[in-house]
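# Structure at a glance
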Amino acid sequence: MDISPVGDTTYAWGESVVWDDRRERLYLVDCLGGTLHWLDGGEGEVHGFALSSMPTGVVPTEDGRLLVVVDEGLVAVDPDARTEELVARYPDELGGRANDACADLDGHVITGRLNLGPAEGSSWWWSATDGWRLVDPDISNTNGPAVVDLDGTPTLLIGDTSADYYAYDYEPSTGAVGPRRVFGAVGDLDGHPDGATVDAEGGYWTALVGGGQLARFTVDGLDTTIPLPTADPTDVTFGGPGLDRLFVTAIDGPLYVVDGLGVTGRPEPRARLAT
């Protein structure tokens, strides 16, 4: 296994890294810089431009654009045309702005409240046809959402930076969830839950910010940890043409890539914007 920086670009607050398998392009944001960046093929020249406000979650869409979480709400971004279009404002009940985001396997979006410290927060489901629905009223800071089929059951995974990673039985057509349960307990690990991704076997790879490591959880619990050359990893995604490279963003550092894991990812689910 080899861990190395990708290029020599340093990001003040790298986040929300995601691989677009159609374009073979890696996207990430610099939250403090308010910028979206991308690397074609996951290497080489870094492209980017400034968005209207701080970007956090980034989700590929079915029409080839990106759905990006910003201060105002969810916006559709065309990186090549450098355009940004408001798609949905946040519900008043969210009480602020959202943080990380993902699409489920049916094109709906999961996101939730951004809090930089422990505070009241919640997680939400959004659909282009049905709007916003509450998922969990007690998630301080939503991070690493993902939907995966575990043992034949659609399952929603959500990390709370102030607590653990949780799992819920999930009904994608309505966003309804069953009782939450701890999926990835971090109390005995260094760091706090941040961004996450799912591999082809259903393993849940997580960045433990402040802990300098990645952790992989399965239905059987903690599977492995990987130390990193940064104290503050923020997000992870599988990328590259074979989805066999694990990219890692960090605070005040470069983009990293982990090669030789012997594990592959899955194509990132896409949000559906058309009504």
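See above for the structure.
Residues numbered from 1 in each chain as written. Predicted model: local features only at pLDDT ≥ 70, side-chain atom pairs only at ≥ 80, totals over all residues. Heavy atoms only, no water.

## Describing the side chain of Asp20
Note on placement: Asp20 falls in strand β2 (residues 11-20). Its relative accessible area of 1% is what places Asp20 among the buried residues. Discounting residues that sit within four places of it in the chain, Asp20 has contacts with Arg25, Tyr27 and Arg270. (Helix = DSSP H or I, 4+ residues; strand = E, 2+ residues; numbered from the N terminus. Buried < 20%, exposed > 50% of the residue type's maximum accessible area, 1.4 Å probe, protein only. Contact = heavy atoms within 4.5 Å.)

## Focus: the pattern of salt bridges
One pass over the structure, following the stated rule, counts 19 salt bridges. Salt-bridge contacts for Arg23 lead to Asp20; the nearest nitrogen and oxygen are separated by 4.0 Å. Here Arg23 falls in the partly exposed class, since its relative accessible area comes to 31%. Among the ionic pairs, Asp40 bridges to Arg25, the shortest N-O distance being 2.7 Å. Of this pair, Asp40 sits in strand β4 (residues 35-40) while Arg25 sits in strand β3 (residues 25-30), and the two are 15 residues apart along the sequence. Taking the relative accessible area as the measure of exposure, Asp40 reaches 38% and is therefore partly exposed. The structure contains a network of salt bridges with shared partners spanning Asp20, Asp21, Arg23, Arg25, Asp40, Asp80 and Arg270. (Salt bridge = Lys/Arg side-chain N within 4 Å of Asp/Glu carboxyl O.)

## Concerning the nonpolar core
One finds Leu67, Leu74, Tyr90, Trp126 and Trp132 to be the most contacted residues of the largest nonpolar core, which totals 18 residues. Mapped onto this core, the elements with two or more residues apiece are β7 (66-69), β8 (73-78), β10 (98-103) and β12 (123-127). It is β10 that provides the largest number of residues to this core, a total of 3 residues. Those residues in contact with Leu67, other than ones at most four positions away along the chain, are Gly57, Val58, Val59, Thr61, Leu74, Val75, Ala76, Val87, Val109, Trp126, Ala271 and Leu273. (Core = buried A, V, L, I, M, F, W, Y, C linked by side-chain atoms within 4.5 Å.)

## Description of the sheet that holds strand β21 (residues 213-218)
Across the sheet, 4 strands lie side by side as β19-β20-β21-β22; this open sheet has antiparallel pairing. One side of each edge strand has no neighbouring strand; the edge strands of this open sheet are β19 (192-198) and β22 (221-227). Each neighbouring strand pair of the sheet contributes to a mean axis angle of 25°, computed without reference to strand direction. As paired elements, strand β20 (residues 204-209) and β21 share 5 bridges and run antiparallel to each other. Along β21, the bridge assignment pairs Thr206 with Ala215. (Pairing = 2+ DSSP bridges. Axes fitted to C-alpha atoms, helices over the stretch in contact; angles between N-to-C directions.)

## Here we look at the packing of aromatic side chains
Taken as a whole and assessed by the stated rule, the structure comprises 8 aromatic pairs. Between Trp126 and Trp132, the ring centres sit 6.5 Å apart and the planes meet at 55°, which makes this aromatic pair tilted. Just as Trp126 is buried, Trp132 falls in that class too. Ring centres of Tyr165 and Phe217 lie 6.1 Å apart, and the angle between their planes is 45°; on these two criteria the pair is classed as tilted. Residue Tyr165 is located in strand β16 (residues 165-171), and its partner Phe217 is located in strand β21; the two are separated by 52 residues in the primary sequence. A residue is classified by how much of its surface remains accessible, and Tyr165, at 0% relative accessible area, is buried. (Phe/Tyr/Trp six-rings, centres within 6.5 Å; stacked < 30°, edge-to-face > 60°.)

## Looking at unusual backbone geometry
In this structure, Glu24 takes a positive phi of about 50° despite not being glycine. With respect to the element layout, Glu24 can be found in the loop between β2 and β3. Residue classification places Glu24 among the partly exposed residues on the basis of a relative accessible area of 38%. Positioned with a positive phi, Asp252 is a non-glycine residue whose angle comes to about 55°. By secondary structure assignment, the location of Asp252 is in strand β24 (residues 245-253).

## Observations concerning the pairing of β4
Counting buried residues in β4 gives 5 out of 6 residues, a clear majority hidden from the surface. Pairing geometry for β4 and strand β5 (residues 47-50), over 4 bridges, is antiparallel. Its bridge partner lying in β5, His37 is registered against Gly48. Between the antiparallel neighbours β4 and β5 lie 6 residues, among them Gly41 with a positive phi of about 75°.

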